[in-house]
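Structure assessment
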Amino acid sequence: QVQLVESGGGLVQAGGSLRLSCAASGRTFGTVNMCWFRQAPGKEREFQAGISWTGITYYADSVKGRFTISRDNAKNTVYLQMNSLKPEDTAVYYCAVARGSVVAAVKGYDYWGQGTQVTVSS
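This write-up is about the structure you can find in this document. (Residues numbered from 1 in each chain as written. Predicted model: local features only at pLDDT ≥ 70, side-chain atom pairs only at ≥ 80, totals over all residues. Heavy atoms only, no water.)

This brings us to the sheet that holds strand β7 (residues 67-72). With antiparallel pairing, four strands are arranged side by side in an open sheet as β1-β3-β8-β7. Each edge of the open sheet carries a strand with a single partner, namely β1 (3-7) and β7. Between one strand axis and the next, the sheet turns through 15° on average, direction left out of account. Where strand β3 (residues 18-25) lies against strand β8 (residues 77-82), six bridges are found, and the strand directions are antiparallel. (Pairing = 2+ DSSP bridges. Helix = DSSP H or I, 4+ residues; strand = E, 2+ residues; numbered from the N terminus. Axes fitted to C-alpha atoms, helices over the stretch in contact; angles between N-to-C directions.)

Note on placement: arginine 71 falls in strand β7. Although arginine 71 is buried, it makes no salt bridge; aspartate 72 carries the closest opposite charge, 8.4 Å away. Reaching out from arginine 71, the side chain makes a polar contact with the backbone oxygen of phenylalanine 29 at a distance of 2.8 Å. For arginine 71, the residues in contact, after removing those within four places along its chain, are Phe29, Gly30, Val32, Asn33, Met34, Ile51, Ser52, Trp53, Thr77 and Val78. (Buried < 20%, exposed > 50% of the residue type's maximum accessible area, 1.4 Å probe, protein only. Lys, Arg positive; Asp, Glu negative; His and termini not counted. Salt bridge = Lys/Arg side-chain N within 4 Å of Asp/Glu carboxyl O. Polar contact = N/O pair within 3.5 Å; in protein donor to acceptor, adjacent residues only side chain to side chain. Contact = heavy atoms within 4.5 Å.)

Attention now moves to the packing of aromatic side chains. Under the counting rule described, the total for this entry stands at five aromatic pairs. For the ring pair phenylalanine 37 and tryptophan 112, a centre distance of 5.0 Å and an interplane angle of 65° mean the geometry is edge-to-face. Of this pair, phenylalanine 37 sits in strand β4 (residues 34-39) while tryptophan 112 sits in strand β10 (residues 109-112), and the two are 75 residues apart along the sequence. Residue classification places tryptophan 112 among the partly exposed residues on the basis of a relative accessible area of 25%. Ring plane angle 80° and centroid distance 6.5 Å describe the contact between tyrosine 94 and tryptophan 112, whose orientation is recorded as edge-to-face. (Phe/Tyr/Trp six-rings, centres within 6.5 Å; stacked < 30°, edge-to-face > 60°.)

Now the structure itself:
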């Protein structure tokens, strides 16, 4: 079993920044691939960024150049630095543990956090 707890969401104006954190417990964190997804009201959950256990990163086209995913294995934590935020970034953000490789499909993930709300005002 893995427990994931996200934090760092909130309300921010367009153009602002937030850093999300996802603290993991219950499994050897340093050997798992991690991702961030988001889900806006009425929409499906979408892949945003992923990071392999070796540190290779992957991004959705919509966030390349604005979001940065990173991990601190000593703290069992993965981060999502979000800059130049837009109103369309408003969503609940979830971290997840990949079943295998980093993939964009929701079904590729075994464990999910409870989510943290990000709201970007215009």
